[in-house]
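Each chain, written out:
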Amino acid sequence: MSLLKISDLHVSVTGTPILKGVNLEINQGEVHALMGPNGSGKSTLAYAMAGHPSYEITKGKIEIDGTNISELDPNERARLGLFLAFQYPVVIPGVKVADFLRHAMSNVRNPDRKEGEKLIPMREFRKELRDQMSELGMDLEMARRYLNEGFSGGEKKRMEILQLAMLKPKFAVLDETDSGLDSDAVKVVSEGLSRLAGAEMGVLIITHHERLLEFNQPQFTHVMLAGRIVETGDASLAAELHEHGYSSVRERHPDVAAEEVVEAV
């Protein structure tokens with residue numbers, strides 16, 4: 001069983017400290033939820049894990065199976081089994097969905113592959129792509145379009161889940177994947193994630209809402225406040241936060257909440 005371990009992680013953006021000592025462990029097969037108010041550092045954690053160059057790790061480390069990935073390029077982290085579904089998926093004009101996915105799959109499934117070397121066989125790729133797109137209710141014609149160009153918000157989020165299905169990572173981080181979606185689109189994305197999550201994938205769902213968690217009940221719910229994880233519980237904690245907000249969390253952690261107020265000012 002693989003382990004994703006984050007130890008005393010401090011992250012700054014343009015010199016401003018955002019994360020101030022995050023500790024988190026995720027095993028394959030576990031579903032974790034990360035919740036917190038705006039500005040608490042949730043997306044910063046996701047981007048730091050993925051290796052975004054604007055997010056500087058100033059202390060601590062991120063490990064997959066004992067390998068420190070903190071200094072690795074994003075593509076190297078992906079080859080080791082880490083996947084990030086973006087809150088705002090980027091548009092890549094000129095790159096067709098099918099070509100993108102075939103190259104990505106080839107690199108992940110053969111980590112030692114060099115650019116220009118053999119790709120996954122076309123027949124095998126097409127069958128898997130058709131099967132996964134059918135499961136997600138996606139028009140096969142989308143595979144011929146440029147990645148996310150002209151896609152609706154729902155189509156972009158389905159495309160993130162399609163990538164997740166094709167790449168089969170050890171660990172998937174979903175950064176507010178339900179953001180901006182209507183109820184039908186959230187249901188499709190949630191059910192798609194539920195189908196994919198299993199014994200071979202650890203999942204971290206970053207969300208403000210409970211909608212994604214209806215189909216993907218977390219074993220662990222973490223609450224982030226002012227750049228720290230201040231509480232951890234089970235699915236009932238997510239339900240409590242959804243119903244009552246974060247006022248009780250702030251009351252239980254006044255010192256951290258005070259930092260939040262200072263930063264806002």
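Analysis parameters
Residues numbered from 1 in each chain as written. Predicted model: local features only at pLDDT ≥ 70, side-chain atom pairs only at ≥ 80, totals over all residues. Heavy atoms only, no water. Phe/Tyr/Trp six-rings, centres within 6.5 Å; stacked < 30°, edge-to-face > 60°. Buried < 20%, exposed > 50% of the residue type's maximum accessible area, 1.4 Å probe, protein only. Helix = DSSP H or I, 4+ residues; strand = E, 2+ residues; numbered from the N terminus. Salt bridge = Lys/Arg side-chain N within 4 Å of Asp/Glu carboxyl O. Domains from an automatic or database assignment.

Novice: What am I meant to see in the packing of aromatic side chains here?
Specialist: Aromatic ring pairs are described here by two measures, namely the spacing of the ring centres and the angle between the planes. This model, assessed by the stated rule, comprises two aromatic pairs. Linked through ring pairs, Tyr 47, Tyr 55 and Phe 86 together constitute an aromatic cluster.

Novice: Sorry, what's going on with the pairing of strand β9 (residues 171-175) here?
Specialist: Across a regular strand the side chains alternate sides, sitting on one face of the sheet and then on the other. Summarising burial for β9: five of the five residues are buried, a large majority. Here β9 shows a buried face lined by Phe 171, Val 173 and Asp 175 and a second buried face lined by Ala 172 and Leu 174.

Novice: Please explain the pattern of salt bridges as it appears in this structure.
Specialist: A full pass over the atoms with the stated rule returns 15 salt bridges. Glu 141 is paired through a salt bridge with Arg 144; the nearest N and O atoms lie 3.0 Å apart. Residue Arg 144 is classed as exposed on the basis of its relative accessible area, which comes to 55%. In this structure, the salt-bridge partner of Glu 260 is Arg 250, at a minimum N-O distance of 2.7 Å. Of this pair, Glu 260 sits in helix α9 (residues 254-264) while Arg 250 is found in helix α8 (residues 247-252), placing the two residues ten residues apart along the sequence. Exposure remark for Glu 260: the relative accessible area of 16% places this residue in the buried category. Residues participating in the shared-partner salt-bridge network are Arg 109, Glu 124, Glu 128 and Lys 168.

Novice: How do you make sense of the domain arrangement of the protein when you look at a structure like this?
Specialist: A common way to express how large an interface is: the accessible area buried when the components associate. When the domains of the protein are assigned, the result is domain 1 (1-87 + 169-182 + 200-265) and domain 2 (90-150). For domain 1 and domain 2, the distance between their C-alpha centroids amounts to 28 Å.

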